[in-house]
Amino acid sequence: MQKKIVLDSQLLDITLNRLCQQLIEAHHDFSETVILGLQPRGIFLAELIHAKLKTLVKKQIPLGYLDATFHRDDFRRRDVPAKASETRIPFAIENKNVVLIDDVLFTGRTVRAALDAMIAFGRPAKVELLVLVDRTSTRDLPISADYVGKYVDTLESQKILVELVAQGHKQNKIWLINKD
Amino acid sequence: MSKLSQRHLLGIKNLTRQDIELIFETADNFKEVINRPIKKVPSLRDVTIANIFFENSTRTRLSFELAEKRLSADVINFSTSNSSVKKGETLLDTVNNILAMKVDMVVMRHASVGAPHFLAKHIKANIVNAGDGTHEHPTQALLDAFSIREKLGSVEGKKIAIIGDILHSRVALSNIFALKKLGAEVMVCGPPTLIPKFISSLGVKVEWEVQKALEWCDVANVLRIQLERQQIKYFPSLREYSLYYGITKKTLDDLKKDIVLMHPGPINRGVELTSDAADSHHSIILDQVENGVAVRMAVLYLLAGAN
């Protein structure tokens, strides 16, 4: 198994800062904006960005967690049913600008499911997608991200591994893994 | 693992503690779903479920049907009062005919002990036992234990008294299995005639005096006297039963501690529970009903997804 660094701790921090600045550029004072982290792994990134934005715009932006397990399109097509995680959206998303945050954009199926799951909570004015790593040329659906940390051209057989301190790792690191 | 060890839910006896905990964790998520503005998820949209009820039921049937619809399954309902069973069709023929219409899961209640176990041997569809005679009622036990876990934080180490007609109760047996597997202490309490002879071999305490049971327990799960299953007299009169075993708000208030009061329904107000007890702050009876939908959604989701 070969591992290659995609983003190290320092570069990741620069990337996150840039993503926050892009969000501020588009959302100004965040008065109509809410952030939704996608379960299970997108929530750690969402929390990081949420904390950074808080210091930058000096404001508490609503942060929720969205789980799309029950909206997935591969139910009964896998050996084991997908395990659900907590959904917690303690605010209304009706007429808000929603920023969905996930760590890796791969086939686009999770995002498709998440859009469906989100609609159960109301009709947002606008929905955008932020991902840390956009795996180009592996998309199954016509879905693209509005804010991207890094574009990585990968094969379907490869894997992107996101290690964040918040998930219990020593350092923030993003790896590209070749399975053999 | 996020998969049950079983293809069917025939009884709690066959489940492992891990199975029960997986069902609870999944039910937590479904409880959040059924409190959303839009309470429906599309997981089971290509699954057809037949609810086959050979015995009367209101709560369980409605709860299953709601759970199925919240999961977007197609649902057909069947009860014996308006079916060909009356014309002499056998159980296997009836179910095979329903399955020939491409049904994936069967939820069945039957008056005979072991009916769902028999079906499981002969048909391919997943089977959920919604009560078989005086044997098991697994989803009721799951929702009871889930409600205790929700109210008290966990089931492990808690003292639970099951009070009433233990002899004829499938809820009691399933509850004993579920609670013991989750590490609770269980006591059964009722008139000696309504306590099965060798019940202590299941590892439960036996108590004949309701006051002592209430003083011992953290949770009292009170059961209905199942007159429809009693061919002989087990106690002199309902009035006498309610005098000795009925629980009033005063009995609960006079205890030195706060206990949780549960009942699987339907309540016979004035017999096992007085109205003021059933409606008191001790009671989580309506939470049990709400949790029933979430727990049944979890069971159906986990069984349907494990092909």
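Being a predicted model, the structure only gives us computed values, none of them experimental. (Residues numbered from 1 in each chain as written. Chains lettered and ligands numbered in written order. Predicted model: local features only at pLDDT ≥ 70, side-chain atom pairs only at ≥ 80, totals over all residues.)

A. Quick look at the overall build of chain B. Looking only at helices and strands, chain B features 11 helices and 9 strands. Compactness check: chain B gives a C-alpha radius of gyration of 19 Å against a globular reference of 19 Å for 307 residues, within 12% of the reference. The dimensions of chain B, computed from C-alpha atoms along their principal axes, are 55 × 45 × 35 Å. A burial count over chain B gives 48% of its 307 residues as buried. Taking contacts inside chain B between residues at least 6 apart in sequence as the whole, the part at least 24 apart equals 75%. (Helix = DSSP H or I, 4+ residues; strand = E, 2+ residues; numbered from the N terminus. Rg over C-alpha atoms; globule rule 2.2 N^0.38 Å. Buried ≥ 20, exposed ≤ 12 C-beta atoms within 10 Å, placed from the backbone. Contact = placed C-beta atoms within 7 Å.)

B. View of the overall build of chain A. Secondary structure summary: chain A contains 3 helices and 8 strands in total. Written out in order from the N terminus, the α and β elements of chain A read β-α-β-α-β-β-α-β-β-β-β. Taking 16 Å as the expected radius of gyration for a compact globule of 180 residues, we find that chain A reaches 16 Å, a close match to that expectation. Dimensions along the principal axes, computed over C-alpha positions, put chain A at roughly 50 × 40 × 30 Å. A burial count over chain A gives 38% of its 180 residues as buried. Put simply, 69% of the contacts in chain A that link residues at least 6 apart link residues at least 24 apart.

C. Spotlight on the pairing of strand E6 (residues 185–189) of chain B. All names here are of chain B. Pairing of strand E5 (residues 159–163) with E6, which is carried by 5 bridges, proceeds in the parallel orientation. From the neighbouring strand, Ala161 faces E6, where its bridge partner is Met187. Handedness of the β-α-β unit built from E5, helix H6 (residues 170–181) and E6 comes out right-handed. (Pairing = 2+ DSSP bridges. Right-handed = clockwise from strand over helix to strand, strands pointing away.)

D. Representation of the interface of chain B and chain A in the model. Residue-level contacts link 19 residues of chain B with 14 residues of chain A. Within the residue set of the side of chain B that touches chain A, elements represented by two or more residues are helix H1 (17–33) and helix H11 (285–304) of chain B. In terms of residue count, H1 of chain B provides more of the side of chain B that touches chain A than any other element does, 4 residues in total. In terms of residue class, the side of chain B that touches chain A is made up of 9 nonpolar, 6 polar and 4 charged. (Nonpolar A, V, L, I, M, F, W, Y, C, P; charged D, E, K, R; others polar.)

E. Broad picture of the packing of H1 of chain B against helix H5 (residues 138–152) of chain B. Residues and elements named next belong to chain B. Contact geometry for H1 and H5: axes closest at 11 Å, N-to-C directions at 65°. By the angle class used here, H1 and H5 are roughly perpendicular. Taken as a pair, H1 and H5 cross one another with a handedness that is right-handed. For the pair H1 and H5, contact is made by Ile20, Ile23, Phe24 and Ala27 and by Leu142, Phe146 and Arg149, respectively. Of the residues in the contact of H1 with H5, the class split is 6 nonpolar, no polar and 1 charged. (Axes fitted to C-alpha atoms, helices over the stretch in contact; angles between N-to-C directions. Parallel < 35°, antiparallel > 145°, perpendicular 65-115°, else oblique. Left-handed = near helix turned anticlockwise from the far one by under 90°.)

F. Highlighting the packing of H5 of chain B against H6 of chain B. Residue and element names in this part refer to chain B. Two elements in contact, H5 and H6, have axes separated by 8 Å at closest approach and are oriented at 50°. As the angle between them shows, H5 and H6 are arranged oblique. Crossing hand, H5 versus H6: right-handed. Here H5 contributes Pro138, Gln140, Ala141, Leu142, Asp144 and Ala145 to the contact with H6, which in turn contributes Val171, Ser174, Asn175, Phe177, Ala178 and Leu179. Broken down by class, the residue content of the contact of H5 with H6 amounts to 8 nonpolar, 3 polar and 1 charged.

G. Region of interest: the sheet that holds E5 of chain B. Residue and element names in this part refer to chain B. Strand order in the open sheet formed by 5 strands is E7-E6-E5-E8-E9, and the pairing between neighbours is parallel. Where the open sheet ends on each side, the last strands, each with one partner, are strand E7 (205–207) and strand E9 (260–262). The average angle at which neighbouring strand axes cross in this sheet is 20°, direction not considered. Here E6 pairs with E7 via 3 bridges, running parallel. Paired with Val188 across the bridge in E7 is Val206.

H. Geometry of the sheet that holds strand E8 (residues 173–178) of chain A. All names here are of chain A. Pairing is antiparallel in the open sheet, where 3 strands are placed in the order E1-E8-E7. One side of each edge strand has no neighbouring strand; the edge strands of this open sheet are strand E1 (2–7) and strand E7 (159–163). Going from strand to strand, the sheet's axes swing by 30° on average, the running direction of each strand aside. Of the strand pairs in this sheet, E7 and E8 are connected by 5 bridges, and their pairing is antiparallel. Residue Glu163 lies in a different strand from E8, and its bridge partner there is Lys173.

I. Region of the structure containing the domain arrangement of chain B. All names here are of chain B. Each domain of chain B was delimited in the assignment, giving domain 1 (12–136 + 289–304) and domain 2 (138–285). In this structure, domain 1 and domain 2 have C-alpha centres spaced 25 Å apart. Elements with a minimum of two residues in the side of domain 1 that touches domain 2: H1, strand E4 (126–132) and H11. (Domains from an automatic or database assignment.)

J. Seen up close, the confidence of the model for chain B. Mean pLDDT over chain B stands at 92; residues scoring 70 or higher make up 97%. Interface scoring of the predicted complex returns ipTM 0.80; its pTM is 0.90. (pLDDT = per-residue confidence, 0-100.)

K. Local environment of the environment of Val127 of chain A. Residues and elements named next belong to chain A. As for its position among the elements, Val127 is in strand E5 (residues 126–136). A residue is classified by how many C-beta atoms lie within 10 Å of it, and Val127, with 18 of them, is partly exposed. Taking the C-alpha atoms as reference, Val127 lies 12 Å from Glu32; in sequence the two are 95 residues apart. Beyond its immediate stretch of four places on either side in the chain, Val127 contacts Val98, Leu100 and Leu115.

L. Local environment of H1 of chain B. Residue and element names in this part refer to chain B. The terminal C-alpha atoms of H1, which comprises 17 residues, lie 25 Å apart, in line with the 24 Å expected from a rise of 1.5 Å per residue. When we look at burial in H1, the residues that qualify are Asp19, Ile20, Leu22, Ile23, Phe24, Thr26, Ala27, Asn29, Phe30 and Val33. Considering only its buried residues, H1 is in contact with H5, H6 and H11. (Expected span 1.5 Å × (residues − 1).)

M. Quick peek at unusual backbone geometry. Of note, the amide linkage connecting Gln39 of chain A to Pro40 of chain A takes the cis form, showing an omega dihedral of 0°. Within the secondary structure layout, Pro40 of chain A lies in the loop between strand E2 (33–38) and helix H2 (42–57). In this chain, Gly265 of chain B is followed by Pro266 of chain B through a cis amide linkage whose omega measures -10°. Mapped onto the secondary structure, Pro266 of chain B falls in the loop between E9 and helix H10 (275–278). If you check the backbone angles, Phe30 of chain A has positive phi at about 60° while not being a glycine. Tracing the chain through its elements places Phe30 of chain A in the loop between helix H1 (9–27) and E2. With a phi close to 55°, Ser137 of chain A is a non-glycine residue in the positive phi region.

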